[in-house]
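# Architecture and fold: a report
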Amino acid sequence: MAIAAGLFVWGRHYLTKVEEIDHQHEEIACLLNELHAERKKGAPLEQQRALYAALEKAVVDHFRTEESYMRRFRYEGFELHRAEHNALVERALALSKQLETGDGAEVDAGLEYVKDWLRNHLLTSDRRMGRFLAEKLGL
Ligand SMILES: [Fe+2]
Ligand SMILES: [Fe+2]
């Protein structure tokens, strides 16, 4: 999937070797950048909300995927990792409401938060989990 340059700059350092997870990460980055670009262009709120809904769904599906891998291989950092996911889901709920009320500055701050969260989580928790899974999966 080609990623438009934007809010989240994709790079090989985000790869975990687990293809399904990497693909989902790329999709999330792509949707985040698309939403960011649409906002910059001043796209109608309706369009932004549709993109945000797609982003939210991609994130929730992705967390489900990672959590099922972690359960399957009894990853010892599972609870902590899941708590990080839950924190983002909570923040995303607030962002969804802000998008409904059309509060631009709040939405931009929220997207910035999601981008930073994603970068940090990918480079620390997902990287650690990825190393563990790659070994279990013989990758
Ligand atoms: Fe994760
Ligand atoms: Fe992840």
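Structure shown above.
Structure report, in brief.

Cut-off values and rules
- Residues numbered from 1 in each chain as written.
- Chains lettered and ligands numbered in written order.
- Predicted model: local features only at pLDDT ≥ 70, side-chain atom pairs only at ≥ 80, totals over all residues.
- Heavy atoms only, no water.
- Helix = DSSP H or I, 4+ residues; strand = E, 2+ residues; numbered from the N terminus.
- Rg over C-alpha atoms; globule rule 2.2 N^0.38 Å.
- Buried < 20%, exposed > 50% of the residue type's maximum accessible area, 1.4 Å probe, protein only.
- Contact = heavy atoms within 4.5 Å.
- Areas by Shrake-Rupley, 256 points an atom, 1.4 Å probe, with all protein chains shown as cover.
- Lys, Arg positive; Asp, Glu negative; His and termini not counted.
- Charge placed at Lys NZ, Arg CZ, Asp CG, Glu CD.
- Axes fitted to C-alpha atoms, helices over the stretch in contact; angles between N-to-C directions.
- Parallel < 35°, antiparallel > 145°, perpendicular 65-115°, else oblique.
- Nonpolar A, V, L, I, M, F, W, Y, C, P; charged D, E, K, R; others polar.
- Expected span 1.5 Å × (residues − 1).
- Donors = N, O, S within 2.8 Å, 3.2 Å for Na, K, Ca; no water.
- Tetrahedral: all angles 85-135°; square planar, octahedral: opposite > 155°, others 65-115°.

### As for the overall build of the chain
Counting its secondary structure elements, the chain contains four helices and zero strands. What you see in the chain, going N to C, is helices and strands ordered as α-α-α-α. Its C-alpha atoms give the chain a radius of gyration of 15 Å, near enough to 14 Å, the size a compact globule of 139 residues would have. Projected onto the principal axes, the alpha-carbon positions of the chain cover approximately 45 × 30 × 20 Å. The burial tally for the chain puts 43% of its 139 residues in the buried class. Of all intrachain contacts in the chain linking residues separated by at least 6 positions in sequence, the fraction that spans at least 24 positions is 70%. Of the accessible surface of the chain, which amounts to about 7,900 Å², a share of 52% is contributed by carbon and sulfur atoms. Between the averaged position of the 20 positive side-chain charges in the chain and that of its 24 negative side-chain charges there is a distance of 4 Å.

### Quick word on the packing of helix H2 (residues 45-72) against helix H3 (residues 78-101)
Where H2 meets H3, the axes come as close as 11 Å, and the angle between the chain directions of the two elements is 170°. Here H2 is positioned roughly antiparallel relative to H3, judged by the angle of their axes. Of the residues in H3, those in contact with Leu45, Gln48, Arg49, Tyr52, Glu56, Val59, Phe63, Glu66, Glu67, Met70 and Arg71 of H2 are Phe78, His81, Arg82, His85, Leu88, Val89, Ala92, Leu95, Ser96, Leu99 and Glu100. Among the residues making up the contact of H2 with H3, the classes are represented as 11 nonpolar, four polar and seven charged.

### Let's talk about H3
The end-to-end C-alpha separation of H3 is 35 Å, in line with the 34 Å expected for 24 residues at 1.5 Å each. Turning to H3, its buried residues are Phe78, His81, His85, Leu88, Ala92, Leu95, Gln98 and Leu99. Among the structural elements, helix H1 (19-41), H2 and helix H4 (104-137) are those in contact with the buried residues of H3. Gly102 sits one or two positions beyond H3 and adopts a positive phi of about 75°.

### Quick notes on the coordination of the iron ion (ligand 2)
Ideal geometry at a metal centre: 109.5 degrees between donors when four sit tetrahedrally, and 90 or 180 degrees when six sit octahedrally. Distances from the iron ion (ligand 2) to its protein donors, His25 (NE2), His62 (NE2), Glu66 (OE) and Asp126 (OD), fall within 2.1 Å. Coordination geometry of the iron ion (ligand 2): the four donor atoms subtend angles of 83 to 171° at the metal centre, consistent with an arrangement described as irregular. Written as a sequence motif, the donor residues of the iron ion (ligand 2) are H-x36-H-x3-E-x59-D. Between the two metal centres, the iron ion (ligand 2) and the iron ion (ligand 1), the spacing is 3.4 Å, with Glu66 acting as a shared donor. Within this pair, whereas His62 is found in helix H2, its partner Asp126 is found in helix H4, the two being separated by 64 residues in sequence. Here His62 and Asp126 have matching classes, each one buried.

### Description of the coordination of the iron ion (ligand 1)
The iron ion (ligand 1) binds to the protein through Glu66 (OE), His81 (NE2), His85 (NE2), His121 (NE2) and Asp126 (OD); the donor distances cover 2.0 to 2.2 Å. Along the chain, the residues donating to the iron ion (ligand 1) are arranged with the sequence spacing E-x14-H-x3-H-x35-H-x4-D.

### What to know about unusual backbone geometry
Non-glycine residue Lys17 carries a positive phi angle of around 90°. For Lys17, the location among the structural elements is in the segment before H1. At Arg74, a residue that is not glycine, the phi angle is positive and equals roughly 50°. The topology assignment puts Arg74 in the loop between H2 and H3. With relative accessibility at 73%, the residue Arg74 sits in the exposed group.

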